[in-house]
Amino acid sequence: MNTNIALKLLQLVALTIPPIAVLIQMLRNSENLEWGVRKWSFGLALGSVVAFIGAGVSVLGYFIIHADLPLILVVGMGLAVAGLVPFALFTGVLYREHKANHGP
């Protein structure tokens, strides 16, 4: 039962990252937002990515401790979670670029 919940959580993480990327692109293309709203929106997007990284790490930890998974599968899941880190960093880079164009 717990393994099924952990797998569903990983699916949730996988399904929510693409919409976050689309929302960031929409934010970058918006013309009618004040700087404070833009800044808050980028913070929310980055917070979401960091939360999903934490969720992925916790699920990975659960599988390492409680499930007898082959090492290659644990490594693959770890790489999937680690792949979110560059996305979070890239969101930060986009924020700096966006601030240069729209910020104070």
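Treat the numbers as computed from the prediction; the structure is a model and nothing was measured.

To continue, consider helix α1 (residues 2–29). The end-to-end C-alpha distance of α1 is 41 Å, a good match for the 40 Å that 28 residues give at a rise of 1.5 Å each. Of the positions making up α1, those classed as buried are Ala6, Val13, Ile17, Ile20, Ile24 and Leu27. Packed against the buried residues of α1 are α2 (35–66) and α4 (84–102).

Here we take up the side chain of arginine 38. Here arginine 38 is to be found in helix α2. Other than its neighbours up to four places away in sequence, arginine 38 contacts Leu27, Ser30, Glu31, Asn32, Leu33, His98 and His102.

Below, the discussion takes up α4. With 19 residues, α4 ought to run about 27 Å at 1.5 Å a step, and its terminal C-alpha atoms sit 26 Å apart, in line with that. Of the residues making up α4, those classed as buried are Leu84, Phe87, Ala88, Thr91, Leu94 and His98. Along the long axis of α4, the arc covered by the buried residues comes to 115 degrees, so they all point the same way. When the buried face of α4 is taken as reference, the exposed residues oriented beyond 90 degrees from it are Leu89, Val93, Arg96 and Ala100.

Here leucine 7 is to be found in helix α1. The class for leucine 7 is partly exposed, based on a relative accessible area of 39%. Spatially, the C-alpha atom of leucine 7 lies 7.9 Å from that of valine 59, the residues being 52 residues apart in sequence.

A few words now on the nonpolar core. Counting 16 residues, the largest nonpolar core has Ile20 and Ile24 as its most contacted members. Secondary-structure elements contributing two or more residues to this core are α1, α2 and α4. Counting residues per element, this core draws most heavily on α2, at six residues. Once residues within four sequence positions are removed from consideration, isoleucine 20 is found in contact with Ala45, Ser48, Val49, Phe52 and Phe87. Membership of the second largest hydrophobic core comes to seven residues, among which are Ala6, Val59, Ala67 and Val74.

About the thresholds
- Residues numbered from 1 in each chain as written.
- Predicted model: local features only at pLDDT ≥ 70, side-chain atom pairs only at ≥ 80, totals over all residues.
- Heavy atoms only, no water.
- Helix = DSSP H or I, 4+ residues; strand = E, 2+ residues; numbered from the N terminus.
- Expected span 1.5 Å × (residues − 1).
- Buried < 20%, exposed > 50% of the residue type's maximum accessible area, 1.4 Å probe, protein only.
- Contact = heavy atoms within 4.5 Å.
- Arc of directions from axis to C-beta.
- Core = buried A, V, L, I, M, F, W, Y, C linked by side-chain atoms within 4.5 Å.

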